[in-house]
Amino acid sequence: PTPEPTPEPTPEPTPAPTPAPTPTPSATPVPSVEPALEETADVVVVGGGLAGLTAALTLLDRGARVLLIEKSGFVGGNSVWASSGINGVDVELEGNPDSVNAFTEDCEKSSSGGGAGAATGATLETENTDHDKLPLPETVEHIPVLTEGSVETLSWFKQRVGVDLSLVGRLGGHKHARTHRPAQGMAGATLVTATLKACEAYIESGAFVLRKRARAEEVLIGKDGSVSGVRWSLVAKKGKKGKESDTHNETESDAQPAQHIILSPNVILATGGFANDHGPDSLLKRHAPATTQFATTNTQGSTGDGLKMALKLGAAAVDLGNVQIHPTGFVDPSSPTAPTKTLCAELLRGAGAVLLTRDGRRFADELGTRDYVVGRMLHEADLEQGSGGLGKGTGVSLQFALVLNEKGALETEKHVALYLQKGLLQKITGVARVASWLKRTLGGDKVVNDVARAHRNGRSLEWALRQTLVQYDAAAAHGVCPLTNKTHFHNAPFIAGLEKPGSQKQAGPVFYVGRVTPVTHYTMGGVRVDTHGRVMRNPARAQRTGQQTVPGLFAAGELIGGVHGKNRLGGNALTECAVFGRRVGRAVRLAGDEAESTERDAIDKGPEETVGEVRGEAREEAVEEVREEAQEEEAQEEAAEEATEDVPEDVPEDVPEDV
């Protein structure tokens, strides 16, 4: 057969040129998207300070599944730095002269502001007469809750959490010693560590989940107006030594953060105050702009996150302009203009420390309320400016000396040792050397106002300082100071009978001295809650929805208002956290438990029931104590790194802040 001819190959068509894809710039990597989580819980607690932890443990003991989210890389917030103690009326202490009524009276006096709460009756010299007006009812409506609740809360910490609170001190504005602290360690760190440990005992069963570096973005609300959960995102670690970004002013990461969801019918906001809120939506700048001239004692996380979320939901607010300026933030000699200060614990003044002007004069009752002492400081600065001296707010014009004697230092030895280590206190022997220190560090010999000149009487600063201490010792012996009306002189005298013969520069009593200045410390205002911590709606939203509260939304701690009025007493911050943390932890309704709790039944009666009735019916029995001593926690290590790079790793020994 004849073979078939081989066909000519058909040429393939030339394809049209394909345009090259636009390359992705190598400097900007394609962001990855982290997988979103969706979880469920009986209760979501937002914030890991003492208020959040106390609420969580109370709920865990009731059988709830609790998911706690904290935006920082450590647990404890500002609570972990509180050192002076937690206020409470110890009814079990035999012969204790204190009572709930006395505690309530002290809080009510302090709440008026303007120095009206000074325990001795001393008042602030000022043209502002607002302090003469009684606080509005909603600004102090929860004082009875705080004071009555302190009794049960103190017992709960000792019995359930297993915390030693064997030492008791007296702070400014208190008639009696009622500020409790442990014999070892600092109060806030000890309470936080022990309460966290008790919560972590529930991790293995799955009842407790803790997520750090988790920032709550929004409280989710259902169509019926009740809470349905929380949306949150991860805060990435960034910066030197892995420090995380824990403020809204920071860039989170190159990756697009996923929006995680926790579905829950109950949310407890315990995110603290806003005394370090300096972002574009700053509550501090909006409601208390005058306070921004001062440095702060607060951590970076104190930006009012929970308050802002609640306000977006139409929550009522109270006293947002009431921001506390504390009189004694340490001026670090190595960084005198630092915007964040270590707070000098009020406990030192309770142990007998005196406050002096730059030229060595006393000017206030050291145990007056914080607003009173700050007012006296500002008065001194005004006086000097008006006499042609340093302008108010310039240089060292608002710096003062804190002087503690050796007996007071022994009583507060842990604080003093830490402050010495940090260079915030200096040990000096003899009055002459203290006078030299005043000249060298504060320009004490350059003060020109008439009061200072009259006190020196043409003599040296050393002579004037010695006169101050002699007069103080005489007042202590007499029982009242004619200059300030002070009546409590713990650990006096300072020099009477203590000076040794010989050269004054080489002999004499030992003093511990440091520089202090007013600092922004605490926000008394916040979201309005009822007596059980349920977040209340503002009048317009309440009228529109027919709901007085946001169903399922609770708040506790510094976030809430209505507890302190215009001024908070020292020691009440940890008390507020714990009392209201316990309260909301018992008020949350859990599935199937309505018939089990008389307090939760009492909630339906409305806010008219007395606090005493509710507390008496709801007092829980203490359960087994924590079996082991608290171990050194990663949370405390990271907290120490956040505060400063060279601090000791053991957080209870680190920079204490007053409460």
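As shown above, the structure is provided for reference.
Since this is a predicted model, take the numbers as computed values, not measurements.

So what exactly am I meant to see when it comes to the packing of helix α1 (residues 50-61) against helix α3 (residues 143-161) here?
The axes of two packed helices give the description: the angle between them and the distance between them. One can describe the packing of α1 onto α3 by two numbers: an axis separation of 13 Å at closest approach and a directional angle of 60°. Considered as vectors, α1 and α3 are oriented oblique to each other. In the packing of α1 onto α3, the handedness of the crossing is left-handed. When α1 is examined against α3, the residues Leu 50, Thr 54, Leu 57, Thr 58 and Asp 61 are found in contact with a partner set consisting of Trp 156, Phe 157, Arg 160 and Val 161. Tallied by class, the residues present in the contact of α1 with α3 amount to five nonpolar, two polar and two charged.

Is there a simple way to think about the nonpolar core in this case?
Among soluble globular proteins, nonpolar side chains are generally buried collectively. Residues Ile 69, Phe 157, Val 267, Ile 268, Leu 269, Val 527 and Leu 553 are the most contacted members of the largest nonpolar core, which totals 87 residues. Residues Ile 325, Leu 347, Ala 381 and Val 416 belong to the second largest nonpolar core, which totals 28 residues.

How do you make sense of the side chain of His 260 when you look at a structure like this?
Take His 260: it is sitting in strand β10 (residues 260-263). On the accessibility criterion, His 260 (3% relative accessible area) is buried. A polar contact is formed between the side chain of His 260 and the backbone nitrogen of Leu 37, at a distance of 2.9 Å.

What's the story with the pattern of salt bridges in this structure? I'm lost.
Side-chain pairs of opposite charge can arise where the charged atoms are in close proximity. In this structure the tally under the stated criterion is 24 salt bridges. By sharing partners, the salt bridges in this structure join Asp 98, Glu 105, Asp 106, Lys 175 and Arg 178 into a single network.

Would you mind showing me how to read the packing of α3 against helix α15 (residues 572-587) here?
At a closest axis distance of 9 Å, the pairing of α3 and α15 adopts a crossing angle of 85°. When the axes of α3 and α15 are compared, the pair comes out roughly perpendicular. Between α3 and α15, the contacting residues are Val 145, Leu 146, Gly 149, Ser 150, Glu 152, Thr 153, Trp 156 and Phe 157 on the first element and Asn 572, Thr 575, Glu 576, Ala 578, Val 579, Phe 580, Arg 582, Arg 583 and Arg 586 on the second.

Is there a simple way to think about the pairing of strand β17 (residues 510-523) in this case?
The element β17 is extensively covered by neighbouring structure, given that 14 of its 14 residues are classed as buried. Pairing of strand β13 (residues 323-330) with β17, which is carried by six bridges, proceeds in the antiparallel orientation. Counted as the bridge partner of His 326 is Val 519 from β17. Judged from the six bridges that link them, strand β15 (residues 400-405) and β17 form a sheet pairing that is antiparallel. Paired with Ala 401 across the two strands is Arg 515, which belongs to β17. In this structure, strand β16 (residues 426-429) lies alongside β17, joined through four bridges in antiparallel fashion. Counted as the bridge partner of Gln 426 is Val 513 from β17.

Honestly, the sheet that holds β10 in this entry has me stumped. Any pointers?
Think of a sheet as strands paired side by side through backbone hydrogen bonds, with each pair either parallel or antiparallel. Across the sheet, four strands lie side by side as β1-β10-β9-β8; this open sheet has mixed pairing. Edge positions in the open sheet fall to β1 (38-40) and β8 (214-221), since each of these has one partner strand only. The sheet shows a mean angle of 25° between the axes of neighbouring strands, taken without regard to direction. In this sheet, β10 lies alongside β1 in parallel orientation, the contact comprising three bridges. Across the sheet, Glu 38 pairs through a bridge with Ile 261, a residue of β10.

Cut-off values and rules
Residues numbered from 1 in each chain as written. Predicted model: local features only at pLDDT ≥ 70, side-chain atom pairs only at ≥ 80, totals over all residues. Heavy atoms only, no water. Axes fitted to C-alpha atoms, helices over the stretch in contact; angles between N-to-C directions. Helix = DSSP H or I, 4+ residues; strand = E, 2+ residues; numbered from the N terminus. Parallel < 35°, antiparallel > 145°, perpendicular 65-115°, else oblique. Left-handed = near helix turned anticlockwise from the far one by under 90°. Contact = heavy atoms within 4.5 Å. Nonpolar A, V, L, I, M, F, W, Y, C, P; charged D, E, K, R; others polar. Core = buried A, V, L, I, M, F, W, Y, C linked by side-chain atoms within 4.5 Å. Buried < 20%, exposed > 50% of the residue type's maximum accessible area, 1.4 Å probe, protein only. Polar contact = N/O pair within 3.5 Å; in protein donor to acceptor, adjacent residues only side chain to side chain. Salt bridge = Lys/Arg side-chain N within 4 Å of Asp/Glu carboxyl O. Pairing = 2+ DSSP bridges.

By themselves these figures say nothing about function.
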